[in-house]
Amino acid sequence: MNVKGLIADHLAPHIEGMDAKAVLGLLEYPPNPEMGDISLPCFKLSKILRKAPQQIAEQLKQNVAEHPMIRKVEAVSGYLNFYLDPVQFAGGVIAEILRDPGRYGSQNVGQGKTIVVDFSSPNIAKPFHIGHLRSTVIGNALVNIFTYMGYRCVRINHLGDWGTQFGKLMSAYLRWGNKDKVEQDGIDELLRLYVKFHEEAEKHPELEDEGRAWFVKLEQGDEEAKRLWEWFISISLKEFEKIYSLLGVTFDSYAGESFYNDKMEPIIEELKSKNMLEQDEGAWLVRLDEFNMPPALILKKDGSSLYHTRDIAAAFYRKKTYNFDKAIYVVDYAQNLHFQQWFKVIELMGYEWAKDLIHVPFGRVSLEGVSLSTRKGNVVKLEDLLTQAIEKTREIIEEKNPSMENKDEVARQVGVGAVIFSDLSGNRIKDIVFSWEEALNFDGETGPYVQYTHARACSVIRKAGGAGTVRMRPEEAAQHLMDPPSLHVLKQLYLFPEKVYQAMEKLEPSIISRYLIDLSQSFNRFYHECPILVEDEAIRNARLTLVQCVIVTLAGGLRLIGLEAPEQI
């Protein structure tokens, strides 16, 4: 049920030079219900049609055909305001939600299309810290949203499993490491060795050369170097999997940087054959001066590859393997230039699909103003944060609902949900200053607030005898939901498909997070102002029907951004 679309279809034939899609983009929701339910501002049309906004509104009003959904139309101060028939509207929203509850808000716009999403991508042998959380939860939410909209999604974890840091770690392990301690303490011990290497290298710079030498050995296939490298990877993946399991995140591919080592030569040869590579002081690069960008370095002086080389090789491999319609890279905004450069190189190579490569940047996380650094060891491990969030939730449950079953399960759902929602509640491009207090704050506009609202709605249905006991036709229920709090909830429910579509279009999961807060606040007002389990059977069943619609929508929205929806808290 798309009322905006209906109105756009009505108006488009009467607006010269605009189709329904263009008209749809102009329609808005007035801030005050007295100004209508949907409004067309005619000010932009004024330039196109060379008429006064009010004159345009008056003329369009004459041409609007009658429709059962539209109660009246008014032209006021350059706006064309549409007032919907509340009973028709309410019945339509309820019918839409309950027709196929598990699919409410979904569309098949992506049918037959494939999207590759590259996200999370932590570095091997380094802790999975709060800085990695953003890419992980934003990427996971985008995959969920695109899948819900009918796309086939391929989830790729492009692990940082190659580079000089491995040579440094090998050097540190062979100098100061202990096999049993690494097996016992995992990444924590590898981090300790890595930090120690950099501390010692400040006093003994020759250590840097030793680290580089070990990486060259790895590149050349030295058995000892390869054995240590594979061991570091297996230890890291074991720890990463614990985090992904807690977050409910899965991947289709863990092909990291090393996977593309034997796939770069054809790319380099093609760049040479197209006369795109230029030598500069021994290094090979692609000049991008005419695009106001520094050159893209492809090979170092010593002939070794760089991030540009590996990313270009990965893009070609993914295009060939998955034949994607879009490839999305969820990486922080500090890498903006890097992506612009290698996207441009593929375009200059003559590949039309370069336009389908999309960088989704996000703000960085700092620790009370200080940037995170594994070299210096100032990181907050994500596992520590999730564990504390779960423990805090468990304490709250013990205090407020000690007799509840499945306490541990609910504590995990709510604790982890609090951390994910906190990350997705603001616009993704904003920087975040991490604070324990805020991350573990469950009051206000938070994930636990939305989950608690969902649990409260489920509790109402349980007290009424369960979802199966409500048997009321949508059009009948609508007759009894004409009070302002109920109508406000219905208007919020109606917006869900639009918000999901916007989140997909703008690659912005926070649109859904923000919506879930609005719906929860609207429902809680209704809950307090409109008693639900009343004696009047018709009113009771109508309100229970509305509660059921809220449960469906909150659970669906939470699922899209990677949270669970417990029925009891």
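The structure displayed is predicted, hence computed values, not measured ones.

Undergrad: Is there a simple way to explain the overall build of the chain in this structure?
TA: From N to C terminus, the chain includes 22 helices and 13 strands. Once the C-alpha set of the chain is aligned to its principal axes, its extents read approximately 80 × 65 × 40 Å. Within the chain, the proportion of its 569 residues that are buried is 53%. Just so you have it, the chain exposes about 26200 Å², and 48% of that area is on carbon and sulfur atoms. Mean positive and mean negative side-chain charge positions of the chain (66 and 80 charges, respectively) differ by 2 Å.

Undergrad: Is there a simple way to think about the environment of Met149 in this case?
TA: Mapping Met149 onto the fold places it in the loop between helix H6 (130-148) and strand E5 (152-156). Measuring from C-alpha to C-alpha, the distance between Met149 and Val500 comes to 8.5 Å, with 351 residues separating the pair along the chain. Excluding residues that lie within four positions of it along the chain, Met149 makes contacts with Gly105, Ser106, Gln107, Asn108, Val109, Gly110, Val500, Tyr501 and Met504.

Undergrad: Can you walk me through the pattern of salt bridges in this structure?
TA: Opposite charge on two side chains permits them to pair, given that their charged atoms come into close proximity. This model, assessed by the stated rule, comprises 34 salt bridges. Residues Glu498 and Lys4 are paired through a salt bridge, measuring 3.2 Å at the closest nitrogen-oxygen approach. Taken together, the residues span a long stretch of sequence, with Glu498 in helix H20 (residues 484-506) and Lys4 in helix H1 (residues 3-11) at a distance of 494 residues. Here Glu200 makes a salt bridge to Lys203, at a shortest N to O gap of 3.6 Å. Of the two residues, Glu200 and Lys203 are both situated in helix H9 (residues 187-203); the distance of three residues between them amounts to about one turn of the helix. If you follow the salt bridges from partner to partner, you end up with Arg394, Glu398, Lys407 and Asp408 in one network.

Undergrad: Any chance you could explain helix H15 (residues 382-400) here in plain terms?
TA: Think of an α-helix as 3.6 residues a turn; residues three or four steps apart then line up on the same face. For H15, spanning 19 residues, the distance from its first C-alpha to its last is 27 Å, which sits close to the expected 27 Å at 1.5 Å a residue. By the burial criterion, the buried members of H15 are Leu382, Leu385, Leu386, Ala389, Ile390, Thr393 and Ile397. Viewed along the axis of H15, the buried residues span an arc of 130 degrees, placing them on a single side of the element. Seen from the buried face of H15, the exposed residues on the opposite side, beyond 90 degrees, are Glu395 and Glu399. At its buried positions, H15 is contacted by H6, helix H11 (223-247), helix H16 (407-424), strand E13 (432-434) and helix H17 (436-439).

Undergrad: For this particular structure, what's the right way to read the state of the cysteines?
TA: Counted under the stated rule, the structure contains zero disulfides. Cys530 forms no disulfide, and the closest cysteine sulfur to it belongs to Cys549, at a distance of 15 Å.

Undergrad: Help me understand unusual backbone geometry, please; the structure alone is not making it clear to me.
TA: Leave glycine aside and you will find that most residues have negative phi; peptide bonds, for their part, are mostly trans. Not every positive phi belongs to a glycine, and Ala125 is a case in point at roughly 70 degrees. Its place among the elements puts Ala125 in the loop between strand E4 (114-118) and H6. For Asn275, which is not glycine, the phi dihedral falls at a positive 55 degrees. Tracing the chain through its elements places Asn275 in the loop between helix H12 (265-273) and strand E6 (278-280).

Undergrad: Where do I start with the nonpolar core in this structure?
TA: Across soluble globular proteins, you tend to see nonpolar side chains buried next to one another. Among the nonpolar cores identified, the biggest contains 149 residues, and Leu11, Leu40, Phe232, Leu490 and Leu493 are the most heavily contacted of them. Not counting residues up to four positions away in its chain, the partners in contact with Leu11 are Val23, Leu40, Leu60, Val64, Leu80 and Phe82. Core analysis: the next-biggest nonpolar cluster, separate from the first, contains 35 residues, Ile298, Leu299, Ala315 and Phe339 among them.

Undergrad: Teacher, can you tell me more about the packing of aromatic side chains here?
TA: Two aromatic rings, taken as a pair, are described by how far apart their centres are and by the angle between their planes. Counting across every chain of the model gives 30 aromatic pairs. Measuring from ring centre to ring centre gives 5.5 Å for Phe251 and Tyr254, while their planes differ by 65 degrees; the resulting arrangement is edge-to-face. For Tyr254, a relative accessible area of 29% puts it in the partly exposed group. Taken together through their ring pairs, the aromatic side chains of Phe119, Phe128, Phe240, Tyr244, Phe251 and Tyr254 make up a single cluster. Taking the ring centre of Trp284 as reference, the NZ or CZ of Lys272 above it sits at 5.1 Å. Positioned above the aromatic ring of Phe324 is the side chain of Lys319, whose terminal nitrogen or guanidinium carbon lies 4.8 Å from the ring centre.

Undergrad: What is the right way to look at the pairing of strand E10 (residues 357-360) in this model?
TA: Looking along a regular strand, one sees the side chains alternate between the two faces of the sheet. Inspection of the sheet shows strand E9 (residues 326-330) paired to E10 by four bridges, in the parallel sense. Residue Ile328 lies in a different strand from E10, and its bridge partner there is Ile358. A crossover links E9 with its parallel partner E10, the connecting element being helix H14 (residues 336-348), and its sense is right-handed.

Undergrad: Can you help me understand the packing of H15 against H16 in this one?
TA: Two quantities define a packed helix pair, namely the angle between the axes and the distance from one axis to the other. Across the interface, H15 lies against H16 with an axial gap of 7 Å and an inter-helix angle of 125 degrees. Between H15 and H16, the interaxial angle falls into the category oblique. Crossing of H15 over H16 shows right-handed handedness. Contact with H15, carried on its side by Leu385, Leu386, Ala389, Ile390, Thr393, Arg394, Ile397 and Glu398, involves Lys407, Asp408, Val410, Ala411, Arg412, Val414, Gly415, Val416 and Val419 of H16 and no other residues of that element. Looking at the contact of H15 with H16, its residues break down into 10 nonpolar, two polar and five charged.

Undergrad: Looking at this structure, how should I read the sheet that holds E6?
TA: One key point about sheets: their strands pair by backbone hydrogen bonds, in either a parallel or an antiparallel sense. The strand order across the open sheet built from three strands is E6-E7-E8, with neighbouring strands paired in antiparallel fashion. Lying at the two open borders of the sheet, with one neighbouring strand each, are E6 and strand E8 (296-299). Here the strands of the sheet are splayed against their neighbours by 45 degrees on average, with no regard to which way each runs. With three bridges joining them, E6 and strand E7 (residues 283-286) adopt antiparallel strand pairing. Bridged to Gln279 within E7 is Trp284.

The rules behind these values
- Along each chain, residues carry numbers from 1 onward, in the same order as the chain's sequence is written.
- Under the rules for a predicted model, residues below a pLDDT of 70 receive no local features and side-chain atom pairs below 80 are neither given nor counted, while totals for whole chains, interfaces and linings still include all residues.
- The side-chain numbers reported here are obtained from all heavy atoms of the structure, hydrogens and water having been left aside.
- What counts as a helix is a DSSP run of H or I of at least four residues, what counts as a strand is a run of E of at least two, and both are numbered from the N terminus.
- Relative accessible area decides the class of each residue, using a 1.4 Å probe on protein chains only: under 20% of the type maximum gives buried, over 50% gives exposed, and in between gives partly exposed.
- Note that accessible areas follow from Shrake-Rupley with a 1.4 Å probe, and for residues the cover is restricted to the protein chains shown.
- None of His or the chain ends enter the tally, which takes Lys and Arg as positive and Asp and Glu as negative.
- By convention, the point assigned to a charge is CZ for Arg, NZ for Lys, CD for Glu and CG for Asp.
- Every residue pair with non-hydrogen atoms within 4.5 Å of one another is taken to be in contact.
- By definition here, a salt bridge exists when the distance from a side-chain nitrogen of Lys or Arg to a carboxyl oxygen of Asp or Glu is within 4 Å.
- In a helix, the anticipated span is given by 1.5 Å times the number of residues less one.
- Arc definition: directions from the helix axis to the C-beta atoms.
- Cysteine sulfur atoms that pair up within 2.5 Å are treated as a disulfide.
- We define a nonpolar core as any set of buried Ala, Val, Leu, Ile, Met, Phe, Trp, Tyr and Cys residues linked to one another through side-chain atoms lying within 4.5 Å.
- Put simply, two rings from Phe, Tyr or Trp (the six-membered ring, in Trp's case) pair if the centres are within 6.5 Å, and we call them stacked under 30 degrees between planes, edge-to-face over 60, tilted for the rest.
- Note on criteria: charge over ring means Lys NZ or Arg CZ within 6 Å of the ring centre, with the direction from the centre no more than 35 degrees off the ring normal.
- For two strands to be treated as a pair, DSSP must find no fewer than two bridges joining them.
- With the strands pointing away from the viewer, any crossover whose connection runs clockwise from the first strand over the helix to the second is right-handed.
- Helix axes use the C-alpha atoms of the stretch in contact, all axes being lines fitted to C-alpha atoms, and the angles between their N-to-C directions lie in the range 0 to 180 degrees.
- Note on terminology: angles under 35 degrees are roughly parallel, angles over 145 are roughly antiparallel, angles of 65 to 115 are roughly perpendicular, and the others are oblique.
- Whether a crossing is left-handed or right-handed is set by the direction in which the near helix is turned from the far one by less than a right angle, anticlockwise for left-handed and clockwise for right-handed.
- Three classes are used: nonpolar for Ala, Val, Leu, Ile, Met, Phe, Trp, Tyr, Cys and Pro, charged for Asp, Glu, Lys and Arg, and polar for all others, with Gly counted as polar.

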